[in-house]
Amino acid sequence: MQQSSSTILRKSLAFLTPYTKQIVIASIALVFTAGLTLGLVQYVRVIVDKGFVAGSTESLNGAILGFVIVALLQAAGTFARFYWVSWLGERVTADIRKAVYSHIIDLHPGYFEDNLSGEIQSRITTDTTLIQSVVGSSASIALRNLLMMVGGTIFLFITNPKLTSVVLICIPLVIGPILYFGRKVRKLSRSSQDEIANVGAYVGESIQQIKTVQAYNHQGHDDAQFSRHVETAFKVALNRILMRSFLITVVMTLVFGALAVMIWVGGQDVINGVMSAGELTAFVAYAVLVASAVGAISQVISELQRAAGAMERLMELLEAENEIVAPANPRHFEAEFKGTLELKDLTFSYPSRPDTPALNSISLLVKPGESVALVGPSGAGKSTLFDLVLRFYDPQSGSLSLDGINIRELDPKELRRHIAIVSQQPTMFTGNVWENIRYGRPDASDAEVRAAAESAFANEFIEKLPQGYDSYLGESGIRVSGGQKQRIAIARAILKDPEILLLDEATSALDAESERKVQLALEKLMKNRTSLVIAHRLGTVKNVDRIAVLELGHLIAQGSHAELMKTCELYANLANLQFNDSAVSDIKQALP
Ligand SMILES: Nc1ncnc2c1ncn2[C@@H]1O[C@H](COP(=O)(O)OP(=O)(O)OP(=O)(O)O)[C@@H](O)[C@H]1O
Ligand SMILES: [Mg+2]
């Protein structure tokens, strides 16, 4: 959706309002320097008339002294103008970046299904840079030249009204193309930035998945695909530049044509003795000032239009509506949090697949301290259920409540404070082991981190890493193995010490020996905690209080292993397939 320029301008100005003091200083410097430049021309007139033409050395000296003083003042003013205007540009950019990031980091996860991360990154980096250049220089260039244009025209009038009418006739001729081409530039600039963002998104994904890219010899294909994005970006940019070139050419031609006419008319007057040489010099100087001001404005206006395009893209991010928000008056848990989790008739389908519910009228009550295993074939909706407990999505119907409070009535932050999850793909962040384990409790002491790592049987391998706990895990934990990531993720959950624990295939990447150990640790952790455990290997859920079987989004049965073996065909099949394997037959014996 295209927003009007004035809406964008109004919204952009909101970012400037906190800095009125700086804007005032910059504006004073701006007006001061523009005034001095215009005044300087008066000196030129004096120098020409009184010095050169009149042949008086004394008045020439005086005039030159004045000129030097004005020039020094000009230098000081320019310093202040440049410093404060650039300051504003940097400040506003920093504020916009922060505002956009802190807005999107809170957005509901569903938003990121249609908005690629690379695209968002590009907006935060390249679009803000564009705005920085506009606020930090183009805007001041535009303002300065606007002052010069207006001031220059006034002085032109004072110097010679007759010649000035020539200038005035030209102004509408110049403004027309500026507006026409300017609008085109903005539109093209927007698509040019969109293309750049596509390029960025492409790079991001292929680099993150570099091993898969190379393992499948996909580089050639990626190369071609990437080139297409880059070439499209180039073509769009070229169109934009073409418009800009047209704009500048038209304006320049008109301006210099007008100048030629003026000099011709003025020259006649000097020849006829109606006008002094100094007057004509001053007049031409003003005319040149006005002309170059118009030229500069016409260039800068397309910069401004580009920035408007960039601002529009940033505003879209800033205005993206968060679908998962705290209600106006969120309810709070009682002082003593118990951890009763109740799902009532819960139905949910992902926004991209409205017609196929991933969860279909699920009702489940998990009492405080109880542990329930969710089992079922791949795609049954187990992980989806966890997403709903964490309120990453809201169900279409039914409710999910914790200690009797519908989670929609809670601040999601308060809800999530009581939950820890070890997800199916354990997530690591660029940083060292300390930071990754402390993720859910940044204030935990070193001793607490070590204790958590020990419980997760992670201590052993961490100590063997080159720098122990100070070892960097690399982007997304690329420097540790899948099983090691899992153990760090478990340590993270243990350290958070929540009342509710969600384990999604938490030990699936471990060897039998480590799995047994970690399993023991998890069982200790699950004691007296409300826990939901997803497991494909039924042997790992032998000690839970209850097993719930999910199939295609339906909760088809619940009970103990022994009960389900009798009553639930799907479960019995899953169990028979797994336990007929001799390697796990000993576990089979131990099942409840
Ligand atoms: N973001 C999404 N958008 C649309 N559909 C999704 C999304 N995530 C999952 N699904 C679909 O929802 C269904 C349930 O997925 P879910 O991840 O909950 O399965 P699961 O039981 O955890 O399976 P697995 O055991 O393989 O992890 C699947 O059919 C899946 O394709
Ligand atoms: Mg899953």
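Model, not experiment: these values are computed from the prediction. (Residues numbered from 1 in each chain as written. Chains lettered and ligands numbered in written order. Predicted model: local features only at pLDDT ≥ 70, side-chain atom pairs only at ≥ 80, totals over all residues.)

Now for the overall build of the chain. Looking only at helices and strands, the chain features 19 helices and 10 strands. The C-alpha atoms of the chain give a radius of gyration of 35 Å, which is well past the 25 Å a tight globule of 592 residues would have. Seen through its principal axes, the chain has C-alpha atoms that stretch 120 × 55 × 50 Å. Considering the chain as a whole, with its 592 residues, one finds that 36% of them fall into the buried category. A fraction of 79% describes how many contacts in the chain between residues 6 or more apart in sequence connect residues 24 or more apart. (Helix = DSSP H or I, 4+ residues; strand = E, 2+ residues; numbered from the N terminus. Rg over C-alpha atoms; globule rule 2.2 N^0.38 Å. Buried ≥ 20, exposed ≤ 12 C-beta atoms within 10 Å, placed from the backbone. Contact = placed C-beta atoms within 7 Å.)

With that settled, consider the environment of glycine 539. Tracing the backbone through its elements, the reader meets glycine 539 in the loop between strand 8 (530–534) and strand 9 (546–551). Of the residues examined, glycine 539 has 22 C-beta atoms within 10 Å and is grouped as buried. Taking the C-alpha atoms as reference points, glycine 539 and phenylalanine 579, 40 residues apart in sequence, are found 8.3 Å from one another.

Moving on, we get to helix 8 (residues 219–271). Under the 1.5 Å per step criterion, the end-to-end length of helix 8 is 74 Å for 53 residues, consistent within 8% with the ideal 78 Å. Among all positions of helix 8, only Arg240, Met243, Arg244, Leu247, Val251, Leu254, Val255, Ala258, Met262 and Gly266 are buried. Phi for glycine 273, located one or two positions after helix 8, is positive at around 75°. (Expected span 1.5 Å × (residues − 1).)

The next point concerns the site of ligand 1. The local shell around ligand 1 holds 13 residues, among which Tyr350, Ser378, Lys382, Ser383 and Thr384 are the closest. The leading source of residues in the shell around ligand 1 is helix 10 (residues 382–389), at three residues. Broken down by class, the residue content of the shell around ligand 1 amounts to three nonpolar, seven polar and three charged. (Near = placed C-beta within 6 Å. Nonpolar A, V, L, I, M, F, W, Y, C, P; charged D, E, K, R; others polar.)

Take the nonpolar core next. Formed by 74 residues in total, the largest nonpolar core has its most connected members in Ala373, Leu374, Ile437, Ala456, Ile490, Ala491 and Leu502. In terms of residue count, helix 15 (residues 482–496) provides more of this core than any other element does, seven residues in total. If sequence neighbours within four positions are ignored, alanine 491 has contacts with Ile437, Ala452, Ala453, Ala456 and Ala458. Ranked by size, the runner-up nonpolar core spans 58 residues in total, among them Val41, Val92, Ala285 and Val290. (Core = buried A, V, L, I, M, F, W, Y, C linked by C-beta atoms within 7 Å.)

Okay, the domain arrangement of the chain next. On domain assignment, one finds that the chain holds domain 1 (5–318) and domain 2 (337–418 + 539–592). The C-alpha centroid of domain 2 is placed 60 Å from the C-alpha centroid of domain 1. Taken together, the four residues of domain 1 in the interface contact four residues of domain 2. Class assignment of the residues belonging to the side of domain 1 that touches domain 2 gives a composition of one nonpolar, two polar and one charged. (Domains from an automatic or database assignment.)

Moving on to the sheet that holds strand 3 (residues 371–375). Pairing in this open sheet of six strands is mixed, and the strands run 6-7-8-3-9-10 from one edge to the other. Single-partner strands in this sheet number two, and they are strand 6 (419–422) and strand 10 (554–559). Averaged over all pairs of adjacent strands, the angle between strand axes in this sheet comes to 15°, irrespective of strand direction. Here five bridges tie strand 9 to strand 10, and the two strands are oriented antiparallel to one another. Bridging across to strand 10, isoleucine 547 finds its partner in glycine 559. Packed on one face of the sheet, helix 10 meets strand 3, strand 6, strand 7 (500–504), strand 8 and strand 9 and runs near 150° to strand 7. (Pairing = 2+ DSSP bridges. Axes fitted to C-alpha atoms, helices over the stretch in contact; angles between N-to-C directions.)

Let us look at helix 10. Residues spaced three or four apart along an α-helix point in a common direction, a consequence of the helix completing one turn every 3.6 residues. Burial runs high along helix 10: seven of the eight residues are buried. The set of residues buried in helix 10 consists of Lys382, Thr384, Leu385, Phe386, Asp387, Leu388 and Val389. Downstream of helix 10 by a residue or two, arginine 391 has a phi angle that is positive, lying close to 55°.

Attention now moves to the packing of helix 3 (residues 57–104) against helix 9 (residues 277–318). Between helix 3 and helix 9, the shortest axis-to-axis distance is 9 Å and the interhelical angle comes to 35°. Here Ile96, Ala99, Val100, His103 and Ile104 of helix 3 lie close against helix 9, whose contacting residues are Leu314, Leu317 and Leu318. Tallied by class, residues from the contact of helix 3 with helix 9 come to seven nonpolar, one polar and no charged.

Take unusual backbone geometry next. The residue aspartate 403 is not glycine, and still its phi comes out positive at about 50°. The phi torsion at leucine 552 lies on the positive side, around 45°, for a residue other than glycine. For leucine 552, the location among the structural elements is in the loop between strand 9 and strand 10. Take leucine 552: there are 15 C-beta atoms within 10 Å of it, and that puts it in the partly exposed class.

The next point concerns the packing of helix 5 (residues 117–159) against helix 9. It is at 6 Å that the axes of helix 5 and helix 9 come closest, and there the two elements cross at 155°. Accordingly, the angle class assigned to the pair helix 5 and helix 9 is roughly antiparallel. Seen along the crossing, helix 5 lies across helix 9 with a hand that is left-handed. For the contact of helix 5 with helix 9, the per-class residue count stands at 28 nonpolar, six polar and six charged. (Parallel < 35°, antiparallel > 145°, perpendicular 65-115°, else oblique. Left-handed = near helix turned anticlockwise from the far one by under 90°.)

Of note, alanine 358 is situated in the loop between strand 1 (341–348) and strand 2 (359–366). Taking the C-alpha atoms as reference, alanine 358 lies 33 Å from methionine 315; in sequence the two are 43 residues apart. Setting aside residues up to four positions removed in sequence, alanine 358 forms contacts with Phe348, Ser349, Tyr350, Gly381, Thr384 and Gly553.

The next point concerns the sheet that holds strand 1. By way of backbone hydrogen bonds, the strands of a sheet pair with one another, either parallel or antiparallel. Strand order in the open sheet made by the four strands is 2-1-4-5, with antiparallel pairing throughout. Strands with a single pairing partner mark the edges of an open sheet, and in this sheet they are strand 2 and strand 5 (405–406). With five bridges joining them, strand 1 and strand 4 (residues 397–402) adopt antiparallel strand pairing. Paired with leucine 341 across the strands is leucine 402, a residue of strand 4. Packing of helix 10 onto the sheet brings it into contact with strand 1, strand 2 and strand 4, and relative to strand 1 it is tilted by some 115°.

Where strand 3 and strand 9 come together, four bridges link them in parallel fashion. The residue bridging alanine 373 from the neighbouring strand is isoleucine 547, located in strand 9.

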